[in-house]
Amino acid sequence: MNLSEIEPKEIMPGYHGKLVHGERMSWVFWDVEQNAEVPEHQHDHEQIMHVVEGTFEFTLNGEKDTYTAGDIVVIPSNVPHSGKALTPCKLMDIFSPVREEYR
């Protein structure tokens, strides 16, 4: 498999993801449009977010911060979080277990 050969899916407005699923995890490579927002939500999945490019505003359990290239955020299971791309962004997310709804 090569990342360049994976067709992106628009999972939510402005969030275009290339998705890779293993037996116990999902890995998503996002191209995010400027000003695209993820409303506050939570899920059973553990998540690790990595900002590859751009500036991303992220709120985790009520604490808002701004992240840039190289930053990593660990999001525990069932903790409320939301985000907004302040610039066009490239993000990577890892989820465990698999995000079946993203297949």
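Residues numbered from 1 in each chain as written. Predicted model: local features only at pLDDT ≥ 70, side-chain atom pairs only at ≥ 80, totals over all residues. Heavy atoms only, no water.

## A word on the pattern of salt bridges
1) Next: Counted under the stated rule, the structure contains 5 salt bridges.
2) Next: Residue glutamate 23 pairs with arginine 24 through a salt bridge whose shortest N-O separation is 3.7 Å.
3) Next: Exposure remark for glutamate 23: the relative accessible area of 71% places this residue in the exposed category.
4) Next: Here glutamate 57 and lysine 64 are joined by a salt bridge, their closest N and O atoms 3.9 Å apart.
5) Next: By relative accessible area, glutamate 57 is classed as partly exposed at 23%.
6) Next: With a relative accessible area of 57%, lysine 64 lands in the exposed category. (Salt bridge = Lys/Arg side-chain N within 4 Å of Asp/Glu carboxyl O. Buried < 20%, exposed > 50% of the residue type's maximum accessible area, 1.4 Å probe, protein only.)

## A few points about the pairing of strand E1 (residues 9-12)
Regular strands have side chains that alternate between both faces of the sheet.
1) Next: Across 3 bridges, the pairing between E1 and strand E2 (residues 15-21) is antiparallel. The residue bridging lysine 9 from the neighbouring strand is glycine 17, located in E2.
2) Next: Here E1 folds back onto E2, and the loop between the two strands holds 2 residues, one of which, glycine 14, carries a positive phi near 85°. (Pairing = 2+ DSSP bridges. Helix = DSSP H or I, 4+ residues; strand = E, 2+ residues; numbered from the N terminus.)

## Some remarks on the sheet that holds E2
1) Next: Reading across the sheet, the 6 strands line up as E1-E2-E3-E10-E5-E8 and stay open at both edges, with antiparallel pairing between neighbours. The sheet terminates laterally at E1 and strand E8 (72-75), the two strands that pair on one side only. The average angle at which neighbouring strand axes cross in this sheet is 30°, direction not considered. (Axes fitted to C-alpha atoms, helices over the stretch in contact; angles between N-to-C directions.)

## Re the side chain of histidine 81
1) Next: Among the structural elements, histidine 81 can be located in strand E9 (residues 81-85).
2) Next: In terms of polar contacts, histidine 81 uses its side chain to reach the side chain of glutamine 47, at 3.4 Å.
3) Next: At a separation of 2.8 Å, a polar atom in the side chain of histidine 81 contacts the main-chain carbonyl oxygen of valine 79.
4) Next: For histidine 81, the residues in contact, after removing those within four places along its chain, are Pro39, Glu40, His41, Gln42, His43, Gln47, Phe58, Thr59, Leu60 and Ile75. (Polar contact = N/O pair within 3.5 Å; in protein donor to acceptor, adjacent residues only side chain to side chain. Contact = heavy atoms within 4.5 Å.)

## Description of the pairing of strand E10 (residues 89-96)
1) Next: Burial along E10 is one-sided: the face carrying Cys89, Leu91, Asp93 and Phe95 is buried and the face carrying Lys90, Met92, Ile94 and Ser96 is not.
2) Next: For strand E3 (residues 26-32) and E10, the ladder comprises 7 bridges, and the chain directions are antiparallel. Across the sheet, residue aspartate 31 finds its bridge partner in E10, namely lysine 90.
3) Next: As judged from the 7 bridges shared by strand E5 (residues 46-53) and E10, these two strands associate in the antiparallel manner. What sits directly across from methionine 49, in E10, is aspartate 93.

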